[in-house]
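Structural features, examined
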Amino acid sequence: MDERDGVSGWMAIAAVALISLLALVALYAPRRERFAVEAKVIPAPHPVTAPVRLWLSTADRRLRVARQPDIETSAHESLPTDVVIDIGKKYQSIVGFGAALTDSSAWLLQNKLNERQRGALLQELFGPPPGLNLNMTRLTIGASDFSLQHYTLDDLPAGEADPQLLHFNVASNLRDVIPSVREILSVNPQLRIIASPWSAPAWMKTSANLIGGELLPQFESAYADYLVKYLDTYRGYGIPIFALTLQNEPGFVPVTYPGMEMPAATRARIIAQYLGPALASRKPKTRILGWDHNWDAPEQPLGVLADPDAARYVDGIAWHCYSGTSSAQSDVHRAYPGKDAYITECSGGDWESARNGELMWFARDLLLAGLRHWARGVVYWNLVLDEQHGPHFGGCDLCKGVVTIDSRTGEVSRNDEYYAFAHFSRFVLPGAVRVGSGETDKEINNVAFQNASDGSVVLVMVNSHADARRVFVTQDQTRFQYTLPPQSVATFVWDPDQAGEPADATSSPPARKTPGTAATGDAIGERKVVE
């Protein structure tokens, strides 16, 4: 074979190889194309969730429940975590938030505001967002220190008695209290009312006076009847009572306004023998709450609950904030996990400790801590007071209402307590459940909830530090970080189920059940599970 024959042979072999390669390419090209298309539709391993909405207040009052820009979430598991939200770990359900409609508050509403002003204020306080969204109040059965005079609902001349309660009447409530409650019910028909007496009628007491003394044993049954008659009379005016306490602050005997001491043994006996049986079969049910006094004496409610005959009628314990800490609520809960907890009184005021404001204390120590320690509801003391801390007859000289009404002009100003409550009441809706949330920094406190109505998660955080602090939050696939300003309160809201749907920053909330509002700036005021 000559040289030309060799070249021709190699060229023939190369041609055959090239043809074979092209055939293989043609054969497998459709499969490669199919694989490429399939790869494009494989979902990302960590879907991006909707942005987190944020409302912020600062102790210097520069921001007051002001809407902030939405926080973008991250899908990176490598982010550090300060707070882990576990919505699978559930605690108590929430009844709500509110403030007491004392005689003084009702008088101011009816006498210092015209009909238009009063309607606007009650809508703001008890209406849905952008209102404060309160749904609880407390009434006094007879006079407290925040009344214009001392009275009960069965007062008689000295030396007379009325065990049949023939002279019982609510005439003293007809002008101010009852009309105010009815107006509030027209704004929020789901209002939950807790009622508490400060004193029995004088003829029932050892002191024969509304001030001081104790209940005479022979009138224990009549006293229970007196409370039941109150429930029936108010129901006749279209005012249902959600819960009743036997005596306001039974461990304290005031010297300038109505009150009386009532030891645990007396309370247990009245509940077991008289009040409990009288209310047991009534519908709708009125709950009996024990104690109704400070955190510093948990042995008092425990003493009543240790009596099985009384405990069977006691639905929960009412607490006040003036001494001790809210951890007492957990002490009682551990002993009796089936009994609820409510904070029924706590007042701010113009005292020395409040010189720098009260936002931080009320947001952190009352609301956040109280809810972490099993409270199902938190009720402030006076809903409304005037610029002179009144009117009142004895008692607290410096107490403040949630709002202050100028008795000369009717102008309304909103106090720090208003904004502290707003961080909870506008976002944590009735029926919400407290859920698991870690706490790694003692000066950055938090509590978390999931709303039953729409599944949204609400996280309230308080930064007590004098400097800004960055926090990293995780809840399943929702991960975000935020730098809390010094001395601030923040409410975060997100929907863990709305993957990839941006929050609407312009629309208004459609109904009361919707947490928060999309408004910007200082919008506020402008408008059971066992652990």
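This text follows the structure it describes.
Keep in mind it's a predicted model, so treat the numbers as computed, not measured.

Here's the deal with the sheet that holds strand β9 (residues 316–320)
Spatial strand order, β4-β5-β6-β7-β8-β9-β10-β11: 8 strands in a closed barrel with parallel pairing. On average, each strand axis in the sheet is tilted by 25° relative to the strand beside it, whichever way the strands run. In this structure, β9 lies alongside strand β10 (residues 340–345), joined through 5 bridges in parallel fashion. Each bridged residue has a counterpart across the sheet, and for G316 the counterpart in β10 is D340. In this fold helix α11 (residues 416–425) packs onto β4 (96–100) and β11 (375–382), with an angle of close to 155° to the strand it touches most, β4.

Notes on the sheet that holds strand β19 (residues 478–484)
Spatial strand order, β2-β1-β20-β17-β16-β15-β3-β18-β19: 9 strands in an open sheet with mixed pairing. One side of each edge strand has no neighbouring strand; the edge strands of this open sheet are β2 (66–71) and β19. Each strand of the sheet is rotated relative to its neighbour by a mean of 30°, with strand direction disregarded. Summarising the sheet, strand β1 (residues 52–58) and strand β20 (residues 488–494) pair through 6 bridges and their orientation is antiparallel. Looking at the pairing, T58 lines up with S488 of β20. In the packing of helix α10 (residues 359–372) onto the sheet, contacts are made with β1, β3 (83–93), β15 (433–437), β16 (444–450), β17 (457–463) and β20, and the angle to β16 comes to roughly 50°.

Some points on the environment of D441
With respect to the helices and strands, D441 occurs in the loop between β15 and β16. If near-sequence neighbours (up to four positions away) are discounted, D441 is found in contact with H465 and R469.

Describing the packing of aromatic side chains
What the rule picks out here adds up to 17 aromatic pairs. Taking 5.0 Å as the distance between ring centres and 75° as the angle between the ring planes, the aromatic pair formed by W361 and F362 counts as edge-to-face. Look at W361 and you get partly exposed, because its relative accessible area is 32%. Owing to a relative accessible area of 2%, F362 belongs among the buried residues under this scheme. For the pair Y380 and F421, a centre-to-centre distance of 6.2 Å together with 80° between the ring planes defines the contact as edge-to-face. Of this pair, Y380 sits in strand β11 while F421 is found in helix α11, placing the two residues 41 residues apart along the sequence. Judged by its relative accessible area of 2%, F421 falls in the buried class. The ring of Y91 is capped by R434, whose NZ or CZ atom sits 4.1 Å from the centre of that ring.

Some thoughts on the pairing of β9
Extensive coverage of β9 is indicated by the burial of 5 of its 5 residues. Of the two faces of β9, the one lined by G316, A318 and H320 and the one lined by I317 and W319 are each fully buried. Relative to β9, strand β8 (residues 287–294) runs parallel, the two being bridged by 5 bridges. Within β9, the position partnered with N294 by the bridge is H320.

Here's the deal with the environment of Y237
When you line up the elements, Y237 lands in the loop between α5 (220–236) and β7 (243–245). Separated by 63 residues in sequence, Y237 and L174 have C-alpha atoms that sit 9.9 Å apart. Those residues within four positions of Y237 in sequence are excluded, and the remaining contacts are V170, L174, I178 and R182.

Focus: the pattern of salt bridges
As enumerated under the stated definition, the model contains 18 salt bridges in all. Its salt-bridge partner being R61, residue D416 comes within 2.8 Å of it at the nearest N-O pair. One end of the pair, D416, is in helix α11; the other, R61, is in the loop between β1 and β2, and 355 residues separate them in sequence. Among the residues examined, R61 registers a relative accessible area of 42% and is labelled partly exposed. Between D467 and R469 there is a salt bridge, with its nearest N and O atoms 3.1 Å apart. Exposure remark for R469: the relative accessible area of 28% places this residue in the partly exposed category.

Parameters and conventions
Residues numbered from 1 in each chain as written. Predicted model: local features only at pLDDT ≥ 70, side-chain atom pairs only at ≥ 80, totals over all residues. Heavy atoms only, no water. Pairing = 2+ DSSP bridges. Helix = DSSP H or I, 4+ residues; strand = E, 2+ residues; numbered from the N terminus. Axes fitted to C-alpha atoms, helices over the stretch in contact; angles between N-to-C directions. Contact = heavy atoms within 4.5 Å. Phe/Tyr/Trp six-rings, centres within 6.5 Å; stacked < 30°, edge-to-face > 60°. Buried < 20%, exposed > 50% of the residue type's maximum accessible area, 1.4 Å probe, protein only. Lys NZ or Arg CZ within 6 Å of the ring centre and 35° of its normal. Salt bridge = Lys/Arg side-chain N within 4 Å of Asp/Glu carboxyl O.

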